Amino acid sequence: MNYSFRKKNKTVKYVVIHYTGMKSLNLAYKKLSDKKSNVSAHYLISTDGKIYNLLCLKFKAWHAGKSRWRNNININDYSLGIEIENKGHKHGYQDFTQKQYAALKKLVNFLKKSFNIYDKNIIYHSDISPNRKKDPGEKFILKNIGVKRFKNPKYTNMNLSLNNMLNLYGFHKYYINNHKKYCIMAVKRTLNYKKISSKISKNFLKNFYNLLFS
Ligand SMILES: [Zn+2]
């Protein structure tokens, strides 16, 4: 099992949601517990809704990799990682099961209370590493776990630029400046679009605005 110690000035404020992207639960479990894999996570949730606690929460798991969010870099330092069983985009992306949503809802509520984590800080791997990661992906329905990530106060200024909105969403400025098309794709996944492209239509801008402000 891979882990490291948390530094005193870097405390948990985010929960990062992932999918396993492996062909089976068994393979995912093996990979997450194998020291040679260079990855790990605090929790794994199977399709039948079982929650496996893989690592003590006081330790840092290696789930995020190269990542940035808001003004933070290396999100492993500030987060807990939850892997949800799903074959992923490479091996046959599936709908998440109702049992998974029920289990995740319970788990996230427990973590929110234990670590004083805000709804806005329940985030996706695709948000913090948009140029590398797609998980949990466009089939993940956030409202099924009762989290309201976006509750920005209504802006009176209706003419926000796309960059303003990407910034309000939470992307680190490095990604907005260098990987904007991947940021757009990440937002489309959050919006549960069926087709994910970096195309910017009027409709997309409207949906993005509504995501942030309604
Ligand atoms: Zn991931």
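Everything numeric here is computed off the predicted structure, so don't read it as measured data.

**Here's the deal with the domain arrangement of the protein**
Part 1: Domain boundaries assigned for the protein yield domain 1 (4-145) and domain 2 (162-213).
Part 2: The gap between the C-alpha centroids of domain 1 and domain 2 is 21 Å.
Part 3: Taken together, the contact pairs 12 residues of domain 1 with 16 residues of domain 2.
Part 4: Of all the elements in the fold, those that place two or more residues in the side of domain 1 that touches domain 2 are β6 (68-69) and α4 (125-128).
Part 5: Residues belonging to the side of domain 1 that touches domain 2 are distributed by class as follows: four nonpolar, three polar and five charged.

**Let's talk about the nonpolar core**
Part 1: Core analysis: the biggest nonpolar cluster contains 34 residues, and Val15, Val16, Ile82 and Leu104 have the highest contact counts within it.
Part 2: Elements supplying a minimum of two residues to this core: β2 (14-19), α1 (25-33), β3 (43-45), β8 (79-84), α3 (98-115) and β9 (122-124).
Part 3: No other element matches β2, which puts five residues into this core.
Part 4: Apart from the residues lying within four places of it in its own chain, the contact partners of Ile82 are Val15, Ile17, His18, Ala41, His42, Tyr43, Ile45, Leu104 and Leu107.
Part 5: Tyr175, Ala186, Val187 and Leu212 belong to the second largest nonpolar core, which has 12 residues in total.

**Here's the deal with the sheet that holds β8**
Part 1: Strand order across the open sheet formed by five strands is β4-β3-β8-β2-β9, with mixed pairing between neighbours. Of all strands in the sheet, those bounded by a partner on one side alone are β4 (51-53) and β9. Pairwise comparison of adjacent strand axes, ignoring direction, gives a mean angle of 25° for this sheet.
Part 2: Both β2 and β9 contribute to a ladder of three bridges, which runs parallel. The residue bridging Val15 from the neighbouring strand is Ile122, located in β9.

**A word on the pairing of β8**
Part 1: Counting buried residues along β8, six of its six residues qualify, which places the element largely inside the surrounding structure.
Part 2: Of the pairings in the sheet, the one linking β2 to β8 comprises six bridges and is parallel in character. Across the sheet, Tyr14 pairs through a bridge with Ser79, a residue of β8.
Part 3: Pairing analysis gives three bridges linking β3 to β8, with the strands arranged parallel. Bridging across to β8, Tyr43 finds its partner in Ile82.

About the criteria used
Positions within a chain are numbered from 1, following the residues in the order the chain's sequence is written. Residues qualify for local features only when their pLDDT is at least 70, as the model is predicted, and side-chain atom pairs are given and counted only at 80 or more; totals for whole chains, interfaces and linings, by contrast, use all residues. Note that the domain bounds reflect an automated or database-derived domain assignment. Throughout, a pair of residues is in contact if the C-beta atoms placed from their backbones lie within 7 Å. Here a helix means four or more residues in a row that DSSP labels H or I, a strand means two or more in a row labelled E, and each is numbered from the N terminus. Each residue is assigned to one class: nonpolar for Ala, Val, Leu, Ile, Met, Phe, Trp, Tyr, Cys and Pro, charged for Asp, Glu, Lys and Arg, and polar for all the others, Gly among them. What makes a nonpolar core is a set of buried Ala, Val, Leu, Ile, Met, Phe, Trp, Tyr and Cys residues, with links drawn between C-beta atoms within 7 Å. With C-beta atoms placed from the backbone, a residue counts as buried when 20 or more other C-beta atoms lie within 10 Å of its own, as exposed when 12 or fewer do, and as partly exposed for counts between those limits. By the convention used here, strands pair only if DSSP detects at least 2 bridges between them. Between N-to-C directions, angles cover 0 to 180 degrees, with each direction set by a line fitted to C-alpha atoms, over the stretch in contact for helices.

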